Amino acid sequence: MTRKEFLFVIWKKVFRPILFLGVIYFSIDFLYKLYIDGGEAISTLIIGVFFLLLLLPHLLDLQFFH
């Protein structure tokens, strides 16, 4: 295995899932803070939750099962 192949495997199996989970965590945290603050940002909250729920199964399938 060459260094390039090794780095690709490490990227695919370690760093990409950590990055993906970090993005999901901060997205959910952002939407939660919008919910707590309330006010005029409620439309952003609704749209964000809708897209998160719509895309989450697809992204999880792409990320962890291939």
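Refer to the structure above for everything that follows.
For every chain, the first residue of the written sequence is number 1, and numbering continues from 1 along that sequence. pLDDT decides what is reported in this predicted model: residues at 70 or higher carry local features, side-chain atom pairs at 80 or more are listed and counted, and totals for whole chains, interfaces and linings draw on all residues regardless. Hydrogens and water are ignored here; the side-chain numbers use all heavy atoms of the structure.

Caption draft 1: Main features of the nonpolar core. Here, the term nonpolar core denotes a set of buried Ala, Val, Leu, Ile, Met, Phe, Trp, Tyr and Cys residues that are joined through side-chain atoms within 4.5 Å. For every residue, the accessible area (1.4 Å probe, protein chains only) is compared with the maximum for its type, and the residue is labelled buried under 20%, exposed over 50%, or partly exposed between those bounds. Phe20, Ile24, Leu31, Leu34, Leu45 and Leu52 together form the largest nonpolar core, which totals 6 residues. Mapped onto this core, the elements with two or more residues apiece are α1 (3-37) and α2 (42-64). Excluding residues within four positions of it along the chain, leucine 34 makes contact with Ala41, Thr44 and Leu45. A helix here means a DSSP run of H or I that spans at least four residues, while a strand means a run of E at least two residues long, and both kinds are numbered starting from the N terminus. Residue contacts are defined here by distance: any two heavy atoms, one from each residue, within 4.5 Å place the two residues in contact.

Caption draft 2: Structural context of α1. In this scheme, a helix's expected span is set at 1.5 Å multiplied by one less than its residue total. Its 35 residues place the ends of α1 48 Å apart at the C-alpha level, agreeing with the 51 Å of an ideal helix rising 1.5 Å per residue. Two axes enter the definition of the bend at a residue: one is fitted to the seven residues ending there, the other to the seven starting there, and the bend is the angle between them. Of all the bends in α1, the greatest measures close to 40 degrees and is centred on tryptophan 11. Within the span of α1, buried status applies to Pro17, Phe20, Ile24, Leu31 and Leu34. Downstream of α1 by one or two residues, glycine 38 has phi in the positive range, about 65 degrees.

Caption draft 3: Representation of the packing of aromatic side chains. Each pair of aromatic rings taken from Phe, Tyr and Trp, with Trp reduced to its six-membered ring, is defined by centres within 6.5 Å and is described as stacked if the planes are under 30 degrees apart, edge-to-face if over 60, and tilted in the remaining cases. By the definition in use, this model includes 2 aromatic pairs. Ring centres of tyrosine 25 and phenylalanine 26 lie 5.1 Å apart, and the angle between their planes is 70 degrees; this geometry places the pair in the edge-to-face category. In this structure tyrosine 25 comes out as exposed when scored by relative accessible area, which is 52%. The exposure class of phenylalanine 26 is exposed, given its relative accessible area of 56%. Ring geometry for phenylalanine 50 against phenylalanine 51: centres 5.5 Å apart, planes inclined by 65 degrees, an arrangement best described as edge-to-face. Since its relative accessible area comes to 44%, phenylalanine 51 is described here as partly exposed.

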